[in-house]
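# An overview of the molecular structure
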Amino acid sequence: MMKIHFPKLPLTKLSLSRPDFSKPAFPRLSLALRQLSRQSRKLKLPSLYSPRGRLARPAALTAALFLFSFLAGELAAYGVSAWKQHNKDILGFTSTPAGAAPIQSQGKLTIYSASDEGNWGLSFQQEGKPPVANASTDYLSQFNAHYAQDTEEKVLYLTFDAGYENGNTEAILDALKKHRAPATFFLVGNYLETSPELVKRMLAEGHNVGNHTYHHPDMSKISTKESFQKELSDLETLYQQITGQPMKQYYRPPQGKYSESNLAMANEMGYHTFFWSLAYVDWYEDKQPTKEEAFKKLLGRIHPGAIVLLHSTSKTNGEILDELLTKWEEMGYQFASLDDLVS
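Structure report, in brief. (Residues numbered from 1 in each chain as written. Predicted model: local features only at pLDDT ≥ 70, side-chain atom pairs only at ≥ 80, totals over all residues. Heavy atoms only, no water.)

## Description of the overall build of the chain
As a reminder of what qualifies: In this description a helix means any DSSP run of H or I spanning at least four residues, a strand means any run of E spanning at least two, and both kinds are numbered starting from the N terminus. Residue exposure (1.4 Å probe, protein chains only): buried if accessible area is under 20% of the type maximum, exposed if over 50%, otherwise partly exposed. Residues count as neighbours in contact if any of their non-hydrogen atoms are within 4.5 Å of one another. For accessible areas, the Shrake-Rupley method is used with a probe of radius 1.4 Å. Any residue's cover is judged against the shown protein chains and nothing else.
When helices and strands are tallied, the chain shows 11 helices and 12 strands. Evaluated residue by residue, the chain yields a buried proportion of 42% over its 343 residues. Expressed as a percentage of contacts within the chain between residues at least 6 apart in sequence, the contacts between residues at least 24 apart total 76%. Only carbon and sulfur atoms are counted for the fraction: they give 54% of the accessible area of the chain, which is about 19,200 Å².

Given below as structure tokens:
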């Protein structure tokens, strides 16, 4: 006998609300049943126990099976549609590495999905509480990787990703200086080449500069240690030439794309890898969020121990940062350096 073997995939739980099935639905199904009812009244069907009826039994069974399959298909289609509509505002996981943290169900519908390595992902379950990430703190810690601090203390870690300079960094640095808020700027080769004076200002005002790779590639597709090291070490060399100092060994994967081997290779190079627990869509230069949209996400989802990711290329961030930091301070938050997190 031939045996079929199915691959065993790691599973993670996605905790989503149960949709409401009480409303009228199945318009196609209702129409089909009405048509079937009308046709059955027109036909003079023989009894299944008569000679003619016994001959008709196979056809009747086939029709019944067809109707059952149709009903099951309609039910499944409606269930999926209702589930998607009800949970459209919940941030799904993009992908999940080995060691992913399961989301506890707590009376909600629990969905299982296969996982793999790829993009960093978050799911915000409760306002003011840390999101559930697609890798647990314990799993990340074996690679000296972080996405938030496990604490009840109202402390924030500000980080900025910068692929290029477009005139917003000075306003960001001004706001940070006003609030005495330390930050870490994750830079790429282009930024170091075109804006060395701003890099020097970051250092002079007490900020860290981290490694965002030289060319900003999809690091999850880099499998060789040599290629991985070159992306980080080339940036280290350029940074030291500009500043005269060795680069802080803080690494952020471009676009949050990574693999377990990436985490291991960064750790072997002496790097701490930093993901994030709060970010919003601020990187489209020609489609910037409004002040109200930014505050809704950044105030509603802030939580103790958050590593906040903002983009220094965002015009909105440059305009609102002073007020945003003030609002966070009014909520009782203080700002700390990533140095404090890893010490």
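## What about the pairing of strand β7 (residues 183-187)?
Going by this rule: Two strands form a pair only when DSSP identifies at least two bridges running between them. Note on handedness: a clockwise path from strand one over the helix to strand two, with the strands aimed away from the viewer, defines a right-handed crossover.
Taken across its 5 residues, β7 has 5 buried, putting it largely inside the fold. Side-chain alternation along β7 places A183, F185 and L187 on one buried face and T184 and F186 on a second face that is also buried. Taken together, the 5 bridges between strand β6 (residues 155-162) and β7 define a ladder with parallel strand orientation. By the bridge assignment for β7, F160 is matched with F185. Since β6 and β7 lie parallel, the crossover through helix α4 (residues 169-179) that links them has a hand, and here it is right-handed.

## So, the nonpolar core
Here is the rule: Working definition of a nonpolar core: buried Ala, Val, Leu, Ile, Met, Phe, Trp, Tyr and Cys residues. They are joined through side-chain atoms within 4.5 Å.
Among the nonpolar cores identified, the biggest contains 66 residues, and W120, L158, L176 and W328 are the most heavily contacted of them. Looking at this core element by element, the count peaks at 6 residues for β6. Within the second largest apolar cluster, 9 residues are counted, among which are M219, I222, M265 and A266.

## Overview of the packing of α4 against helix α10 (residues 315-330)
The packing of two helices is summarised by the inter-axis angle and the distance between the axes. Formally: Angles shown run from 0 to 180 degrees and are taken between the N-to-C directions of axes, each axis being a line fitted to C-alpha atoms and, for helices, limited to the stretch in contact. Each angle is binned into one of four classes, with values under 35 degrees roughly parallel, values over 145 roughly antiparallel, values of 65 to 115 roughly perpendicular, and all other values oblique. Crossing chirality is assigned from the near helix's rotation relative to the far helix, an anticlockwise turn below a right angle marking it left-handed and a clockwise turn marking it right-handed. Residues are grouped as follows: Ala, Val, Leu, Ile, Met, Phe, Trp, Tyr, Cys and Pro are nonpolar; Asp, Glu, Lys and Arg are charged; all remaining types, including Gly, are polar.
Contact geometry for α4 and α10: axes closest at 8 Å, N-to-C directions at 25°. As far as their axial angle goes, α10 and α4 are roughly parallel. In terms of crossing hand, the pair formed by α4 and α10 is right-handed. Residues A171, I172, A175, L176, K178 and H179 of α4 pack against G318, L321, D322, L325, T326 and E329 of α10. Residues of the contact of α4 with α10, tallied by class, amount to 6 nonpolar, 3 polar and 3 charged.

## Digging into a nonpolar patch on the surface
What counts here: Residues qualify for a patch when their relative accessible area is over 30% and they have no salt bridge, like charges being joined within 9 Å and the nonpolar side chains of Val, Leu, Ile, Met, Phe, Trp and Tyr within 5 Å. In what follows, salt bridge is the name for a side-chain nitrogen of Lys or Arg lying within 4 Å of a carboxyl oxygen of Asp or Glu.
Together, V281, W283 and Y284 make up a nonpolar patch on the protein surface, roughly 310 Å² of accessible area in all. Mapped onto the secondary structure, Y284 falls in the loop between β10 (272-274) and α9 (291-300).

## Describing helix α7 (residues 225-243)
Threshold: What a helix should span is 1.5 Å times the count of its residues minus one. Fitting one axis to the seven residues ending at a residue and another to the seven starting there, the bend at that residue is the angle between the two axes.
Taking 1.5 Å of rise per residue, 19 residues should cover 27 Å, and α7 covers 27 Å from first to last C-alpha, within 8% of that figure. The largest bend along α7 reaches roughly 25° and is located at E231. Taken residue by residue, α7 has F228, E231, L232, L235, L238, Y239, I242 and T243 as its buried positions. If you follow the buried residues of α7, they end up packed against β7, α5 (189-194), α6 (196-204), β8 (208-211), β9 (250-251) and α8 (260-268). G244, located one to two residues past α7, shows a positive phi value of around 75°.

## Some details on the environment of N208
Short version of the rule: Residues adjacent in sequence count toward polar contacts only when both atoms are side-chain atoms; beyond that, a polar contact is any pair of N or O atoms within 3.5 Å, and within protein one must be able to donate a hydrogen and the other to accept it.
Turning to its location among the elements, N208 is positioned in strand β8. Separated by 41 residues in sequence, N208 and Q249 place their C-alpha atoms 9.9 Å apart. Apart from residues no more than four positions distant in its own chain, N208 is found in contact with A183, T184, F185, K248, Y250, S337 and D339. Engagement of the side chain of N208 in a polar contact is seen with the side chain of S337, the distance being 3.4 Å.

## Re the packing of aromatic side chains
What counts, and what does not: Only rings of Phe, Tyr and Trp enter the pairing, Trp through its six-membered ring, and a pair is recorded when the two centres are within 6.5 Å. The plane angle decides the type: under 30 degrees is stacked, over 60 is edge-to-face, the rest tilted. Consider the ring centre and the ring normal. A charge sits over the ring if Lys NZ or Arg CZ is within 6 Å of that centre and within 35 degrees of that normal.
The full count for this structure, using the stated rule, is 11 aromatic pairs. Ring centres of F186 and F274 lie 6.5 Å apart, and the angle between their planes is 50°; on these two criteria the pair is classed as tilted. A residue pair is termed long-range when its members are at least 10 positions apart, and F186 in strand β7 and F274 in strand β10 qualify at 88 residues. Taken individually, F186 and F274 each receive the classification buried, so the pair is uniform in this respect. In this arrangement the basic side chain of R301 is found over the ring face of F124, its NZ or CZ atom lying 4.5 Å from the centre.

## Notes on the pattern of salt bridges
A side chain of one charge can pair with a side chain of the opposite charge when the charged atoms of the two come close. In this structure the tally under the stated criterion is 11 salt bridges. Note that D174 and R201 form a salt bridge whose closest N and O atoms lie 2.6 Å from each other. Of this pair, D174 sits in helix α4 while R201 sits in helix α6, and the two are 27 residues apart along the sequence. When the shortest N-O distance is used, the salt bridge between E205 and R201 registers 2.7 Å.

## Focus: the side chain of H146
Looking at the element boundaries, H146 is found in strand β5 (residues 145-146). Beyond its immediate chain neighbours, meaning those up to four positions away, H146 contacts L140, H272, T273, F274, F275, I307, L341 and V342.

## A few points about α9
Every α-helix carries 3.6 residues per turn, so stepping three or four residues along brings you back to the same face. For α9, every residue scored as buried is listed here: A294, F295, L298 and G300. Those residues of α9 that are buried are in contact with β11 (306-311) and α10.

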